[in-house]
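Residue-level structure breakdown
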Amino acid sequence: MSKQDEQRLLVKIATLYYSENKKQSEIASLLHLSQSFVSRALTRCQKEGLVKITVVQPTNIFVDLEKAIEERFGIRQAIVVDVGENASYSQVKHAIGSAAAHYVETRLRPEDLVGISSWSSTIRCMVDEMHPQNIRAAGVIQLLGGVGPNGNVQATILTQQLAAHLGCPAWLLPSQSIEHSVEERSRLVNSPDVAAVVVAKFAEVDVAIVGIGELEPSQLLKNSGNYYNESMLQLLAERGAVGDICLHYYDAAGKPVLSQDEDPVIGMELEQIRRCPQVIALAGGVDKENAIRGALQGDYIDVLITDFPTARALIKG
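Residues numbered from 1 in each chain as written. Predicted model: local features only at pLDDT ≥ 70, side-chain atom pairs only at ≥ 80, totals over all residues. Heavy atoms only, no water.

Overview of the confidence of the model for the chain
Note the threshold: pLDDT gives the predictor's per-residue confidence on a scale running from 0 to 100. Here a helix means four or more residues in a row that DSSP labels H or I, a strand means two or more in a row labelled E, and each is numbered from the N terminus.
Predicted confidence across the chain gives a mean pLDDT of 88, with 90% of residues reaching 70 or more. Across the chain, the element-wise mean pLDDT spans from 56 in helix α10 (residues 219-224) up to 98 in strand β8 (residues 278-282).

Observations regarding the pattern of salt bridges
Going by this rule: Counted as salt bridges are all cases of a side-chain nitrogen of Lys or Arg within 4 Å of a carboxyl oxygen of Asp or Glu. Remark: exposure states derive from per-residue accessible area (1.4 Å probe, protein chains only) relative to the maximum for the residue type, with buried under 20%, exposed over 50%, and partly exposed in between.
Applying the stated rule across the entire model yields 11 salt bridges. Glu262 is the salt-bridge partner of Arg239, the closest N and O atoms lying 2.8 Å from each other. Note that Arg239 is positioned in the loop between α11 (230-238) and β6 (243-245) and Glu262 in the loop between β7 (248-250) and α12 (270-275), a separation of 23 residues in sequence. The class for Arg239 is partly exposed, based on a relative accessible area of 36%. Among the charged side chains, a salt-bridge network with shared partners connects Glu6, Arg44 and Glu48.

So, the sheet that holds strand β1 (residues 77-81)
Put simply, the test is: A strand pair is defined by DSSP finding two or more bridges across the two strands. Here, two residues are considered to be in contact whenever any of their heavy atoms come within 4.5 Å of each other. To get an axis, fit a line to the C-alpha atoms, keeping to the stretch in contact for a helix; angles then go from 0 to 180 degrees between the N-to-C directions.
If you walk across this open sheet you meet the seven strands as β1-β9-β8-β5-β2-β3-β4, and the pairing is parallel. Every other strand in the sheet has two partners, leaving β1 and β4 (170-171) as the edge strands with one partner each. For strand β3 (residues 139-142) and β4, the ladder comprises two bridges, and the chain directions are parallel. Bridge pairing in β4 links Val140 to Ala170. Its contacts with the sheet place helix α7 (residues 154-166) against β2 (113-116), β3, β4 and β5 (207-211), and it is angled at close to 165 degrees to β3.

Examining the packing of aromatic side chains
To keep things clear, this is the line we draw: Stacked, tilted and edge-to-face are the three classes applied to pairs of Phe, Tyr and Trp rings, where Trp contributes its six-membered ring and a pair requires centres within 6.5 Å; stacked means planes under 30 degrees apart, edge-to-face means over 60, and tilted covers the rest. In this scheme, the term charge over a ring applies when either NZ of a lysine or CZ of an arginine sits within 6 Å of the ring centre and within 35 degrees of the ring normal.
Evaluated as defined, the whole model comprises three aromatic pairs. Ring centres of Phe62 and Phe308 lie 4.6 Å apart, and the angle between their planes is 25 degrees; on these two criteria the pair is classed as stacked. Of the two residues, Phe62 is situated in the loop between α3 (35-47) and α4 (63-73) and Phe308 in helix α14 (residues 308-316); the sequence distance between them amounts to 246 residues. Ring geometry for Tyr250 and Tyr300: centres 5.9 Å apart, planes at 45 degrees, overall tilted. Within this pair, whereas Tyr250 is found in strand β7, its partner Tyr300 is found in the loop between α13 (289-297) and β9 (303-307), the two being separated by 50 residues in sequence. The class of Tyr250 is buried, set by a relative accessible area of 0%. We note Lys201 situated over the ring of Trp171; from NZ or CZ to the ring centre the distance is 4.2 Å.

Section: the state of the cysteines
To be explicit about the condition: We call a pair of cysteine sulfur atoms a disulfide whenever their separation is within 2.5 Å.
For the structure on display, the rule yields zero disulfides. There is no disulfide at Cys168, and the cysteine sulfur nearest it, in Cys276, is 15 Å away. Exposure remark for Cys168: the relative accessible area of 13% places this residue in the buried category. No disulfide involves Cys276; its nearest neighbouring cysteine sulfur is the one of Cys246, lying 10 Å away. Overall, Cys276 belongs to the buried group, its relative accessible area being 7%.

The following block contains the structure:
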């Protein structure tokens, strides 16, 4: 049998499959071939260039940019949402939140224990976009103390809302994010209610959903009263802090800027975040470029969901 005879059959099979939308079993029956022969023939068609599959990429989908971020920073996945150059901070948050809601709804597995860094307005947008799921996760755990000194309990409510969407229990962290002193933090971490979450559950988290903060606290944190005073912010700046995850600050290389005996924050620690099997970070706005870059350099992130202008800045920088 000549090469042309072989190609004639391959092209016939490919035409029936790709142009006439026939199933492999139908082609096998029609041409008196085995289904395994048809399957191997379709594979050969692609290898030998008889069939070329082209993915049509819409202008608002940024696969190449996502791949560039994944390769440059060594992360599992980047998701870049389409927002205009002059989009407001609110528009950026809602676009990222919508993409994150879709990611969580399609990627979570049954029995995953989900951690949530609950002082994040972008994560709040994500939860607002979600719908009740049939996932039946193992639970949702609060990764950062959620009771503000002024009585603000939005973080607790956010954790409970996500748990309700996932049809699972919520483990709350009954503490402030930042305690008055390291000694107070130590006392609370060892108390039964807090220890049940911090000690027993943080190491079991399968998926952590976190925001990335800048040195300057977000408006949500300012309203809660859960943020550092000016002297501590100055110390963080002097040590080169560029951003935080769960209010644990790191420098441009992703290294923590406070030692254990200096840090009064009750929340999942940076090393625990690094060890978590999957960390999904929601962060956008070009003002956060350095904070996001530091988190990527620190190897804290597996999945980054951000906006187009910020993603482009990460690659150019």
